[in-house]
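Letter by letter, the chains look like this.
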Amino acid sequence: MTHDGKSHDGKSHDHKTHDHKGHGHHHHHHDTTQMDWNAMLPLLERGAELRTPMYRQAMSWLAELVPMGGVRRVLDVGSGPGVLSGLLAEAFPYAEVVAVDATPELLERAAARGVTTLLAELPQDVEALGEADLVWAGESVHHLGDQAAALAALAGRLRPGGLLALAEGGLPTRYLPRDIGIGLPGLETRLEAASADWFTDMRAELPGARAETEDWRALLTAAGLAPSGTRTFLLDIPAPVPAAVREHVVEAFTRHRTGLADRIAADDLATLDRLLDPADPASLHRRPDVHLLAARTVHTARRTTS
């Protein structure tokens, strides 16, 4: 399974790309088997690294839900380049953290962060994951055709008392004001609509795809777990942004331009071209109003049976 960065945000992700891998998440708008991961890696890693403050808050919350000393093994399912695997290792210093992904290039980056890696394609390799006290699935379950079955399989990896943390949903990432002074106001809203249509098509083409009401609490309950809280974490980097954020925003809009070109109107494409032109005073390279505002929701549930 890959995630990417979506967005997918941009995986994510922000929908990682897969806004979706790397938990930065930009949906790539491509078949993941054809991805040029060397080209995607910087986007995925930067997206995830920029969101580190948001995910650190999430990890601190998880450490309140499961006692740090009792967590011996953590699975980061759909880890991408392992940015969050590293944060899990910080939050649970006594645990072996295992980055699980189907893409060797991404796991190489995760290994460089000092975590254990496991090459596995879900759902078929789920048994190979072994048992864990904490399973983190960050924007990865939505890349599996049967989400309910995937959650049941991950729930089966939990030791008694163990916690499944599912990062799905939140709010679409915002980078610009509604009216940017060029083109028709509301560009990002229309890009989100196009991205949502792309996402629906992507899900429909997954092996074993099943339509599912994305009531994650209900799905976790159906997987045999006891819901133990849902929280949403915010990342707010207001204008003027540092150079690293600006570069990330340019990359995210470049992905939109290439991935959604056949889904958006010609005038919006023209606006995107201006936003991506370094010589244009109204471009993302020069605008003073570029920002990064993201929210990611984490749903948790516990295995209570022995």
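Note that residues are indexed from 1 along each chain, following the sequence as it is written. The predicted nature of this model means local features are confined to residues of pLDDT at least 70 and side-chain atom pairs, given and counted, to a pLDDT of 80 or more, with totals for whole chains, interfaces and linings taken over all residues. Values shown for side chains rest on all heavy atoms present in the structure; no hydrogens or waters enter the calculation.

K.L.:
What is the right way to look at the overall build of the protein in this model?
P.N.:
The way it works is that DSSP assigns letters per residue, a run of H or I at least four long becomes a helix, a run of E at least two long becomes a strand, and they are numbered from the N terminus. Of the regular secondary structure elements, the protein holds 9 helices and 9 strands. Relative accessibility under 20% of the residue-type maximum defines a buried residue, over 50% an exposed one, and the middle range a partly exposed one, all with a 1.4 Å probe and only protein chains included. The proportion of buried residues among the 306 residues of the protein is 56%. Using the Shrake-Rupley algorithm and a 1.4 Å probe, accessible areas are obtained, with residue cover drawn only from the displayed protein chains. Element-wise, carbon and sulfur atoms account for 53% of the exposed surface of the protein, whose accessible area totals about 12,000 Å².

K.L.:
For this particular structure, what's the right way to read the confidence of the model for the protein?
P.N.:
Detailed conclusions should not be drawn from predicted coordinates in areas where pLDDT is low. Values of pLDDT, the confidence the predictor places in each residue, fall between 0 and 100. Per-residue confidence for the protein gives a mean pLDDT of 89; residues scoring 70 or more make up 88%. Any pair of residues with heavy atoms lying within 4.5 Å of one another is described as a contacting pair. The low-confidence segment residues 1–33, where pLDDT is below 50, has 257 contacts with residues more than four positions distant or belonging to other chains.

K.L.:
What is the right way to read unusual backbone geometry from this model?
P.N.:
Glycine aside, residues mostly have negative phi, and peptide bonds are mostly found in the trans state. That bond from Leu-122 to Pro-123 is cis: its omega, 5°, falls within 30 degrees of zero. Within the secondary structure, Pro-123 sits in the loop between strand S5 (116–119) and strand S6 (132–138). Omega for the peptide link from Ala-239 to Pro-240 comes to -5°, which places this bond in the cis form. Within the fold, Pro-240 resides in the loop between strand S8 (226–237) and helix H8 (243–259). Its identity as a non-glycine residue notwithstanding, Glu-139 has a phi of 50°, on the positive side. Exposure remark for Glu-139: the relative accessible area of 2% places this residue in the buried category.

K.L.:
Got a minute to help me understand the packing of aromatic side chains in this structure?
P.N.:
Geometrically, a pair of aromatic rings is defined through the distance of the ring centres and the angle of the planes. The criterion for an aromatic pair is that two Phe, Tyr or Trp rings (for Trp, the six-membered ring) have centres within 6.5 Å, with stacked assigned to planes under 30 degrees apart, edge-to-face to planes over 60 apart and tilted to the rest. Per the counting criterion, the structure on display carries 3 aromatic pairs. A centroid spacing of 5.9 Å and a plane angle of 50° characterise the contact between Trp-61 and Phe-233, whose relative ring orientation is tilted. Taken as a pair, Trp-61 in helix H2 (residues 52–65) and Phe-233 in strand S8 lie far apart in primary sequence, 172 residues in all. Comparing Trp-61 with Phe-233 shows no difference in burial state: the two are buried. Geometrically, the ring pair formed by Tyr-175 and Phe-253 is edge-to-face, given 5.6 Å between the ring centres and 70° between the ring planes. Residue Tyr-175 is located in the loop between strand S7 (158–174) and helix H6 (187–204), and its partner Phe-253 is located in helix H8; the two are separated by 78 residues in the primary sequence. Look at Phe-253 and you get buried, because its relative accessible area is 1%.

K.L.:
Honestly, the nonpolar core in this entry has me stumped. Any pointers?
P.N.:
Nonpolar side chains in soluble globular proteins generally cluster together in the buried interior. Buried Ala, Val, Leu, Ile, Met, Phe, Trp, Tyr and Cys residues form a nonpolar core when they are joined through side-chain atoms within 4.5 Å. With 61 residues, the main nonpolar core has Leu-62, Phe-92, Leu-134, Trp-136, Phe-253, Leu-275 and Leu-284 as its most contacted residues. It is H2 that provides the largest number of residues to this core, a total of 7 residues. Counting 26 residues, the second-largest nonpolar core is a separate cluster that includes Val-100, Leu-122, Leu-225 and Ala-301.

K.L.:
In this structure, what is going on with the pattern of salt bridges? I would like to understand it.
P.N.:
A side chain with one charge can pair with a side chain of the opposite charge if their charged atoms come near. Salt bridges are counted wherever a side-chain nitrogen of Lys or Arg sits within 4 Å of a carboxyl oxygen of Asp or Glu. On inspection of all chains with the given rule, the structure shows 19 salt bridges. The residue Arg-113 makes a salt bridge to Glu-45 at a minimum N-O spacing of 2.4 Å. Residue Arg-113 is located in the loop between helix H4 (104–112) and S5, and its partner Glu-45 is located in helix H1 (residues 37–50); the two are separated by 68 residues in the primary sequence. Overall, the relative accessible area of 10% leaves Glu-45 in the buried class. Put simply, Arg-263 and Asp-201 hold a salt bridge, and the shortest N to O gap is 2.9 Å.

K.L.:
Which parts of the structure should I look at to understand the sheet that holds S7?
P.N.:
Either a parallel or an antiparallel arrangement is found when strands of a sheet pair, and the pairing is made through backbone hydrogen bonds. Read from one edge to the other, the open sheet built from 7 strands follows the order S5-S4-S3-S6-S7-S9-S8, with strand pairing classed as mixed. The sheet terminates laterally at S5 and S8, the two strands that pair on one side only. Put simply, the sheet's adjacent strands are angled 20° from each other on average, direction ignored. Any two strands with at least two DSSP bridges between them are considered paired. Relative to S5, strand S4 (residues 96–101) runs parallel, the two being bridged by 4 bridges. Paired with Asp-101 across the strands is Leu-119, a residue of S5. Angles here are taken between N-to-C directions and fall from 0 to 180 degrees, while the axes themselves are lines fitted to C-alpha atoms, restricted in helices to the stretch in contact. Against the sheet, H2 touches S6, S7, S8 and strand S9 (292–302), its axis set at about 155° to S8.

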